[in-house]
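Single-letter residue listing:
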Amino acid sequence: MSVVNQTVSRSMGEAVGAAARLIEKCVDHAVAALQQMESGTSGEQRQQVADAWRALIAQRRAWTQRFPRVLGAAFEAEASGRPRPAAAPRGDELSLALVDDGEISRSIETARLAQLLTATLERPLSELDALMSSALGLRVVQPERNPLRPVVYARALREMMAEGQPDPAWPPLWLRHMATPLAQELEQVYKAQTHFLTLQRVSAANYRLRAASEGPSSRAGSLGGPSRPAPLGGLSRPAPLEGLSRPAPLGGLSRPAPLEGLSRPAPLGGSSRSAPLGPSSRGAPLGHAGSGAVPLDPFRASGFSGFADLPVRNVEGARLQQFLLRGEPQAHRPLAPSYYAEVDAELRALEADADDAEAYDEQAVREHLHLPPVDRPARAVDVDSPLPEHWGRFATPRQRALVRGRLKTQAREVGQVYGLEVVRRLVNRVAGDPRLLAPLREAIVGLEPSLLRLAMVAPRFFSDADHPGRLLVEKVAERSFRYNDEFSVEFQGFFGPVARSFQRLNEIEPLENADPFRAALTDLQATWAAQDALDDEPQRRVLDAVQFADRRQHEADRIASEFLQRSDLQGVDTAVREFVLGPWSLVVAHARLAQPGGGIDPGGFIGVLSDLLWSVKRELTLKEPARAFELIPRVLMKLRAGLAMLGQHPAESEAFFLQLERLHRPVMKLRARQRHRDVAPPEPFTATQPAVPERAPGEPWMAQQELHAAGFEEAPPSGPAPLAPRAASAEEGATLSDEETEALLALLAPGSWVDLHVRGQWRRAHLKWAAERRTLFLFVSHGGQPHSMTRRTLHRLVKQRLVRLVDSQAVVPRALAQLAEPAAA
């Protein structure tokens, strides 16, 4: 065996060695995700999800042993070039193999997983492809020959799942929830093998340049797997920019011919640069995609030979703000030679400096980890901050400054210079916004190179609220308001795809339009929509329940006011009066709302009132004892049936029925034909007897099961109880005045975000719904967890700072408004 093949064999062996740990992590993550999914479903779907994660647990040990062998065999087949076995044909004389629906489904599932992995692992996979192609003896990079490519893993995993003939619905569920941990583990495998091949002195193969007529390259496996779109410029696939010579324009898209006899323009985006250029030799005019002819300068064509009479160095924030909001008449004028002399000198000095910036301080990141999230001070981040190493070459401020400096030398018009300056200052403003968690502010700083390139083709894109570049920043920031802890699993699940999306944008060079930003935002929003869909149904059920309770209380209050007009209610016992105007009004309201077509008295709950009120008047019942003997049992049965329909626990009405029994005692004694006719009057109803705690006027009554479903924390039957005690924090003991509390409550509106302390944790939640009379509020936190409370409870929690309002004003508009402030410069 050759040295090259020995190297490849060792690389595959190391990857196989990591397979057991890889499959364990995938299984554990999928089980946890499916268990969470189960809690948000019901009925047959809930059972199917439960069966899926239980089956996955049962397979964990066997797969840990089996997957390395399956994967090793797949690697060997790929490296040796052996074809995969074809499906056996059905029938004796068929010339074409027939594939059943199950195999088609498996192929589709495998292709989808492979496509997701390939897109997610673009950068580490590109580096490994180049080295592996060389190790295999190939002169140019052939990604489809890499035995470790994602489709091989996806196929091996899916085929292993099919071995036990599981329920057809389980593997798609398993694969969907394994995709994220599989991508994370493969990233580590690819980095490790890239390092290994580098240590073996393997040189990366070159990427082949192709004409546009050849069409896009594809990373097709034997499945006809997902292809990667070729970037503009003709590279068969994106490659690391370092060390590559700049390709000539291909596919009919040519850059403007050099002007005034100069050899070539400086490249967009910061590759190697030419000697200092004159003002008319810079990059193409905005939006230019010419055919190779020398572009006509509009000012020179019209006889104009002067330069813009505007400052282009140290521009005031107010002027930049005006440029964004209203435009600049001289934005398309050329730049003076003095400008190029200055920026060229700055760039030469920056290129000569060593990249010795302060390293990212991981210890400082965790310095305040022991504090509650709401009490941690915001970490300082700005455009000159070092970033974590996963930002690659743009982790250092110098590399980002080099992109900015090179783009300045390529600017041809005043508008481009202003656009670059706007991006830098707005990025700095957003990076300093303490409302955003620090990793996200660092991500905005990390995205600066791509935003700068976008400003070269659309200098005023930040002034357009619908521009994909601005929308990406705004929507990511808006989504981040859902999280209050950068160390939480929930935030990391949100932040990982965002960071990878930003990193991919930074690798697009040259950037010719906003399409990559639009695609990035579309992908992220699709992911968010899928996550939100899991929470929508549970949230809808909770919202329906609290809205029904609010409508029921409103209707019950109206019914009670009608009952007050009844003449037979006058002079009855206090307990009976309170029962009729309280619980029984709710029963009537519930019946009307539950049976909207049932008329004015569905269930006959109003009709029974006349009998009830007659039965508690001693002077009437003693005159007609026979009627009382027949009527009282029927009344009692109807009352209990109505309260059961309402969902009221029997203990809540026990005091009333005890008093009702005392009121009925005189006539019931006659039935026993007792001799003593001097019957003692009934004992009065007192507050010492068990009773439902008082509610504030307008606060809705809810049954115990309704309270639990709506997220009332340890609420008694009639209303919510206090939430769990707050853990000690930096503001222990600090409370607000009633005036301050009411002022904050007035700011609450559906969509508002709050930090809510519940069950020992600070959770970020948003106000999903508030009753019209603001007597009931429904908040929802991560995972669709409901938190309902009455106004009294919310007032108390805000006063004690257990509920804290979050300023969620749009990030980009705020930064634009601050652009003219001195601190922005």
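Residues numbered from 1 in each chain as written. Predicted model: local features only at pLDDT ≥ 70, side-chain atom pairs only at ≥ 80, totals over all residues. Heavy atoms only, no water.

### Details of the pattern of salt bridges
Evaluation of the coordinates by the stated rule reveals 40 salt bridges. The partner of Arg-634 in a salt bridge is Glu-630, with the nearest N and O atoms 3.5 Å apart. On the criterion of helical spacing, the pair formed by Arg-634 and Glu-630 is a turn pair, its members being four residues apart in helix H23 (residues 625–646). For Arg-634, a relative accessible area of 43% puts it in the partly exposed group. Among the ionic pairs, Lys-799 bridges to Asp-738, the shortest N-O distance being 3.0 Å. (Salt bridge = Lys/Arg side-chain N within 4 Å of Asp/Glu carboxyl O. Helix = DSSP H or I, 4+ residues; strand = E, 2+ residues; numbered from the N terminus. Buried < 20%, exposed > 50% of the residue type's maximum accessible area, 1.4 Å probe, protein only.)

### Observations concerning the packing of aromatic side chains
Summed over the entire model, instances satisfying the criterion amount to 15 aromatic pairs. Each ring, one from Trp-170 and one from Trp-174, has its centre 6.1 Å from the other, and the planes form 40°; the classification is tilted. Of the two residues, Trp-170 and Trp-174 both sit in helix H7 (residues 170–199), four residues apart, roughly one turn of that helix. Classification of Trp-174 by relative accessible area gives buried; the value is 1%. Aromatic rings pair up to connect Tyr-483, Phe-491, Phe-494, Phe-495 and Trp-528 into one cluster. The side chain of Lys-638 reaches across the aromatic face of Phe-605, ending 4.8 Å from its centre. (Phe/Tyr/Trp six-rings, centres within 6.5 Å; stacked < 30°, edge-to-face > 60°. Lys NZ or Arg CZ within 6 Å of the ring centre and 35° of its normal.)

### Overview of the packing of helix H20 (residues 583–594) against H23
Relative to each other, H20 and H23 sit at 65°, their axes nearing to 9 Å. What the angle tells us is that H20 and H23 run roughly perpendicular. Between H20 and H23 the crossing geometry is left-handed. Contacts between H20 and H23 involve Pro-583, Trp-584, Leu-586, Val-587, His-590 and Ala-591 on the former and, on the latter, Lys-638, Leu-639, Gly-642, Leu-643, Met-645 and Leu-646. (Axes fitted to C-alpha atoms, helices over the stretch in contact; angles between N-to-C directions. Parallel < 35°, antiparallel > 145°, perpendicular 65-115°, else oblique. Left-handed = near helix turned anticlockwise from the far one by under 90°. Contact = heavy atoms within 4.5 Å.)

### Notes on the packing of helix H13 (residues 414–431) against helix H14 (residues 438–446)
Running from N to C, H13 and H14 point in directions that differ by 170°, and their axes come no closer than 9 Å. Classified by the angle their axes make, H13 and H14 are roughly antiparallel. Mapping the contact onto sequence places Val-427, Val-430 and Ala-431 in H13 and Arg-441, Ile-444 and Val-445 in H14. Here the residues of the contact of H13 with H14 sort into five nonpolar, no polar and one charged. (Nonpolar A, V, L, I, M, F, W, Y, C, P; charged D, E, K, R; others polar.)

### Notes on a negative patch on the surface
Taken together, Glu-358, Asp-361, Glu-362, Glu-367 and Glu-389 make up a surface patch of like negative charges. Within the secondary structure layout, Glu-389 lies in the loop between helix H11 (362–365) and helix H12 (397–410). (Patch = residues over 30% accessible without salt bridge, like charges linked within 9 Å, V, L, I, M, F, W, Y side chains within 5 Å. Areas by Shrake-Rupley, 256 points an atom, 1.4 Å probe, with all protein chains shown as cover. Lys, Arg positive; Asp, Glu negative; His and termini not counted. Charge placed at Lys NZ, Arg CZ, Asp CG, Glu CD.)

### Structural notes on the confidence of the model for the protein chain
Predicted confidence across the protein chain gives a mean pLDDT of 79, with 77% of residues reaching 70 or more. The least confident element of the protein chain, judged by mean pLDDT, is helix H8 (residues 298–301) at 37; the most confident is H14 at 97. Of the regions scoring below 50 in pLDDT, residues 674–680 engages in five contacts with residues more than four places distant in sequence or in other chains. (pLDDT = per-residue confidence, 0-100.)

### Here we look at the pairing of strand E4 (residues 785–790)
Buried residues dominate E4, accounting for five of its six residues. By the bridge criterion, six bridges tie strand E3 (residues 776–781) to E4 in an arrangement that is antiparallel. Looking at E4, one finds that Phe-779 is bridged to His-787. From the end of E3 to the start of E4, which pair antiparallel, there are three residues, and Gly-783 there has a positive phi angle of about 80°. (Pairing = 2+ DSSP bridges.)

### As for unusual backbone geometry
Of note, the bond from Glu-509 into Pro-510 is cis; its omega dihedral lies within 30 degrees of zero at 5°. Relative to the assigned elements, Pro-510 resides in the loop between helix H17 (489–506) and helix H18 (515–563). Of note in the backbone geometry, Arg-759 takes a positive phi value of approximately 50° without being a glycine. Mapped onto the secondary structure, Arg-759 falls in the loop between strand E1 (753–758) and strand E2 (761–770). Using a relative accessible area of 53% as the deciding quantity, one classes Arg-759 as exposed.

### Let's talk about helix H27 (residues 791–799)
Thr-793, Leu-794, His-795, Leu-797 and Val-798 are the residues of H27 that are buried. Looking at the buried positions of H27, the neighbouring elements they touch are helix H26 (738–747), E3, E4 and strand E5 (803–806).

### Quick look at the environment of Glu-509
Relative to the helices and strands, Glu-509 is located in the loop between H17 and H18. With 59 residues separating them in the primary sequence, Glu-509 and Ser-450 have C-alpha atoms 8.6 Å apart.

### Comments concerning the environment of Leu-521
Mapped onto the fold, Leu-521 is located in helix H18. We classify Leu-521 as buried; its relative accessible area is 7%. Considering only alpha carbons, one finds Leu-521 and Gly-469, 52 residues apart in sequence, at a separation of 8.9 Å. Contacts of Leu-521, omitting those with residues within four sequence positions, involve Leu-471, Leu-472 and Lys-475.

### Section: the nonpolar core
Residues Leu-472, Val-476 and Phe-502 are the most contacted members of the largest nonpolar core, which totals 70 residues. Setting aside its immediate chain neighbours within four residues, Leu-472 contacts Leu-447, Phe-502, Leu-505, Phe-517, Leu-521 and Leu-524. Among the nonpolar cores identified, the runner-up in size contains 58 residues, and Ala-74, Leu-121, Leu-157 and Trp-174 belong to it. (Core = buried A, V, L, I, M, F, W, Y, C linked by side-chain atoms within 4.5 Å.)

### Describing the sheet that holds E4
Taking strand neighbours across the sheet as the criterion, the five strands line up as E4-E3-E2-E1-E5 in an open arrangement whose pairing is antiparallel. Looking along the sheet, the strands with just one partner apiece sit at the ends: E4 and E5. The mean angle between the axes of side-by-side strands here comes to 35°, regardless of whether they run parallel or antiparallel. Here six bridges tie E1 to E2, and the two strands are oriented antiparallel to one another. Counterpart to Asp-755 in the pairing with E2 is Arg-764. In this fold H18 packs onto E2, E3 and E4, with an angle of close to 55° to the strand it touches most, E2.

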